[in-house]
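# Fold and contact review
Chain residues, written in single-letter form:
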Amino acid sequence: MGLVFQEFLEAPSIYTCVGCKAHVARRDDVISRTFQGRLGRAYLIESVVNERLGKVEDRLLMTGIHTVCDLHCRVCGAVIGWKYVRAHDSAQQYKEGRYVLEQSRITVTASPTPPPPPPLPSSSPPPLLRSPLSQYLEGFEGE
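### A short note on the sheet that holds strand S9 (residues 106-110)
Taking strand neighbours across the sheet as the criterion, the three strands line up as S2-S1-S9 in an open arrangement whose pairing is antiparallel. A single partner strand is all that each edge strand has here, and the edge strands are strand S2 (23-26) and S9. Taken over all neighbouring pairs, the strand axes of this sheet differ in orientation by 35 degrees on average, direction set aside. Looking at chain direction, strand S1 (residues 13-17) and S9 are connected through five bridges and run antiparallel. When the sheet's bridge partners are listed, Ser13 is paired in S9 with Ala110.

### Describing the side chain of Asp70
Relative to the assigned elements, Asp70 resides in strand S6 (residues 64-73). Overall, the relative accessible area of 18% leaves Asp70 in the buried class. Within the structure, the side chain of Asp70 is placed 2.8 Å from the side chain of Arg38, a separation counted as a polar contact.

Quick notes on the rules
- Residues numbered from 1 in each chain as written.
- Predicted model: local features only at pLDDT ≥ 70, side-chain atom pairs only at ≥ 80, totals over all residues.
- Heavy atoms only, no water.
- Pairing = 2+ DSSP bridges.
- Helix = DSSP H or I, 4+ residues; strand = E, 2+ residues; numbered from the N terminus.
- Axes fitted to C-alpha atoms, helices over the stretch in contact; angles between N-to-C directions.
- Buried < 20%, exposed > 50% of the residue type's maximum accessible area, 1.4 Å probe, protein only.
- Polar contact = N/O pair within 3.5 Å; in protein donor to acceptor, adjacent residues only side chain to side chain.

Shown next, in the form of structure tokens:
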């Protein structure tokens, strides 16, 4: 197997695969945090990266029959959720093309904090520096 292409997200907070820490989605892209997955709580999200989709199938979910496909981490292959391909009920069509991430299969990672800004210059001027020659010549001023 060759190298796996990975995308890296820049955001204040991101979701990563719990197994391999590959970036999966921006936390800001969450549409709803009230979804129920197969393994517990889940999030409906607008877009993901580093994904591989499984085969399309009809699945009976809590809100009816939906055409979905499993969502795998592209790096380690773990199932991290699913994608809604088609909603058979018109009231559920807002889910089409969106993803569900299982909370137990992802983790939140904060982007590294930027370095602190350089200190502001002080209000008092820096002391004058004297060269060794000027210090030497000062010794002859009193003669």
